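Architecture and fold: a report
Residue strings, one per chain:
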Amino acid sequence: MRIDRIELRELPMRLRFRFQTSFGAEQDRRILLVTLYGEGLEGYAECVAGEGPGYSSETIDTCWSVIESFVAPRLVGRSFSTPDELLHALAPIRGHDMAVASVEMAFWDLLAKSWNVPLWVALGGHERPIPVGISIGIQESVQATVESARAAVAEGYRRVKLKIQPGWDVAPVAAVREALPDVPLTVDANSAYRLTDARVLRQLDAFGLDYVEQPLAHDDLIDHAELQRQLTTPICLDESVHSPEDARKGLQLGSGRIINVKVGRVRGFRRARQVHDVAQAFGAPVWCGGMLETGLARGANAALAGLPGFTLPGDISASSRFYDRDLTTPYVIDDGHIAVPSFPGLCEEPDGDAVAAFQTTERVIDVE
Ligand code: OSB
Ligand code: MG
């Protein structure tokens, strides 16, 4: 597959509500839409970086810059027959995983379209309905949190995850657990605690949580292992895992027992599948995380979640939860599940009118 051209477009899109986490609030998303052109086909993907470096060190601007200056020049005008070959050409780029992932994902779209198969086939997964959970941001009050959780369960979501931070943990969790005694419930701290907060985190053991997600530092595995020894609730690693090697080290050390796999965070589908394989070797469940994506990436996430080790509900909520107008046919939740897309490639063709309506900036990197 020869890559003739890479196109970057910025689409500012507004979330339907402010999404508050321990690292900040997000409402305005700057969607970076990547298009690869090759063999008469177009491959699409969305970059998952945020506007600011709160979740990881990458931002939409660093991704734009790294793709333009370092990724595209290594790819345009060259041929790659597999994602491995493409990743090899990008190996000199240390880090910047979300930037690399967006291009790797668009390459999978191109490849799968050229083979005329849906992404789940290209990935070697299964076409099964994927159970989905919902991630509820930090709310104004405990009452508002309980209402959001009740509404999510009424809509069919199979797991409720509450964002927590110091001072906003035991009270909302206790209230939601009391209101919804049987719902699979989890919490996500996005690295807001330290090992010295173990006493508070141990209090969460009383609520039968499926896991506590990334309680400690984004780059830590050692303190997580110590904390895991002190908790009965499993720890799920998110920010700490960027590679299959990180997954191996985290599971070997006992830093956690579950992994949230985000394609953008781990440099693309190839490595997402490898993280899945490592976790399977350890007997550790994984699930597919979300980054407030548009419908473009939701289908791709569902396809990834068709791999057999994805045994827990993913953060793949309905398009309409986040966006009034989506870039593709909106994804819907049916009885708490999302369907794995069956059209060739990673996603449906983005709706040209919607792209034009949102687009503000464009840059094309062509063969000279
Ligand atoms: O930690 O899982 C996270 C959104 C942005 C950044 C980090 C995270 C999240 C979510 C939202 O929890 C999940 C979703 O897209 O539904
Ligand atoms: Mg998380």
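Residues numbered from 1 in each chain as written. Chains lettered and ligands numbered in written order. Predicted model: local features only at pLDDT ≥ 70, side-chain atom pairs only at ≥ 80, totals over all residues. Heavy atoms only, no water.

**Looking at helix α10 (residues 269-282)**
End to end, α10 covers 20 Å across 14 residues, agreeing with the expected 20 Å (1.5 Å per residue, within 8%). Every buried residue belonging to α10 is among Phe-269, Arg-270, Ala-272, Val-275, His-276, Val-278 and Ala-279, and all of these are buried. Two residues or fewer after α10 comes Gly-283, characterised by a positive phi angle close to 70°. (Helix = DSSP H or I, 4+ residues; strand = E, 2+ residues; numbered from the N terminus. Expected span 1.5 Å × (residues − 1). Buried < 20%, exposed > 50% of the residue type's maximum accessible area, 1.4 Å probe, protein only.)

**Remarks on the nonpolar core**
Counting 123 residues, the largest nonpolar core has Leu-75, Phe-269 and Leu-304 as its most contacted members. Broken down by element, this core gets its largest block of residues, 12 residues, from helix α3 (residues 97-115). When sequence neighbours within four positions are dropped, the list of residues in contact with Phe-269 reads Glu-104, Met-105, Trp-108, Leu-119, Leu-123, Val-263, Ala-300, Leu-304 and Leu-346. (Core = buried A, V, L, I, M, F, W, Y, C linked by side-chain atoms within 4.5 Å. Contact = heavy atoms within 4.5 Å.)

**So, the site of ligand 1**
Taken together, 17 residues lie around ligand 1, and Ser-135, Asp-188, Asn-190, Lys-262 and Leu-292 are the ones closest in. Within the side chain of Lys-161, a nitrogen or oxygen atom sits 3.1 Å from an oxygen atom of ligand 1. Interatomic distance of 2.9 Å between a backbone N/O atom of Leu-292 and an oxygen atom of ligand 1. Within the complex, 99% of the 390 Å² of free accessible area of ligand 1 lies under protein. Residue composition of the shell around ligand 1, grouped by class: six nonpolar, four polar and seven charged. (Near = heavy atom within 4 Å. Polar contact = N/O pair within 3.5 Å; in protein donor to acceptor, adjacent residues only side chain to side chain. Areas by Shrake-Rupley, 256 points an atom, 1.4 Å probe, with all protein chains shown as cover. Nonpolar A, V, L, I, M, F, W, Y, C, P; charged D, E, K, R; others polar.)

**Comments concerning the state of the cysteines**
A covalent bond between the sulfur atoms of two cysteines is referred to as a disulfide. Taken as a whole, this structure holds zero disulfides when the rule is applied. Cysteine Cys-236 remains unbridged, with the sulfur of Cys-288 as its closest cysteine sulfur at 12 Å. In this structure Cys-236 comes out as buried when scored by relative accessible area, which is 0%. Not engaged in a disulfide, the cysteine Cys-347 finds its nearest cysteine sulfur in Cys-47; these two sulfurs lie 15 Å apart. A relative accessible area of 2% places Cys-347 in the buried class. (Disulfide = S-S within 2.5 Å.)

**Here we look at the sheet that holds strand β10 (residues 258-261)**
Taken in spatial order, the seven strands line up as β5-β6-β7-β8-β9-β10-β11 in an open sheet, and their pairing is parallel. Bordering the open sheet on either side are β5 (134-136) and β11 (286-288), each of which pairs with just one other strand. Pairing of strand β9 (residues 235-237) with β10, which is carried by two bridges, proceeds in the parallel orientation. Pairing of Leu-237 across the sheet is with Ile-259, part of β10. (Pairing = 2+ DSSP bridges.)

**A closer look at the packing of aromatic side chains**
Applying the stated criterion across every chain, the model contains seven aromatic pairs. Geometrically, the ring pair formed by Phe-19 and Phe-322 is edge-to-face, given 6.5 Å between the ring centres and 90° between the ring planes. Note that Phe-19 is positioned in strand β1 (residues 5-21) and Phe-322 in helix α12 (residues 319-322), a separation of 303 residues in sequence. On the accessibility criterion, Phe-19 (7% relative accessible area) is buried. The buried category is assigned to Phe-322, whose relative accessible area is 4%. (Phe/Tyr/Trp six-rings, centres within 6.5 Å; stacked < 30°, edge-to-face > 60°.)

**Here we look at the sheet that holds β1**
Judged by pairing direction, the sheet is antiparallel, and its four strands sit side by side in the order β3-β2-β1-β13 without closing on themselves. Two strands in the sheet have a free side with no partner beyond their single neighbour: β3 (41-47) and β13 (361-366). When the angles between neighbouring strand axes are averaged without regard to direction, this sheet yields 25°. With seven bridges joining them, strand β2 (residues 24-38) and β3 adopt antiparallel strand pairing. Its bridge partner being in β3, Leu-32 is matched across the sheet by Cys-47. (Axes fitted to C-alpha atoms, helices over the stretch in contact; angles between N-to-C directions.)

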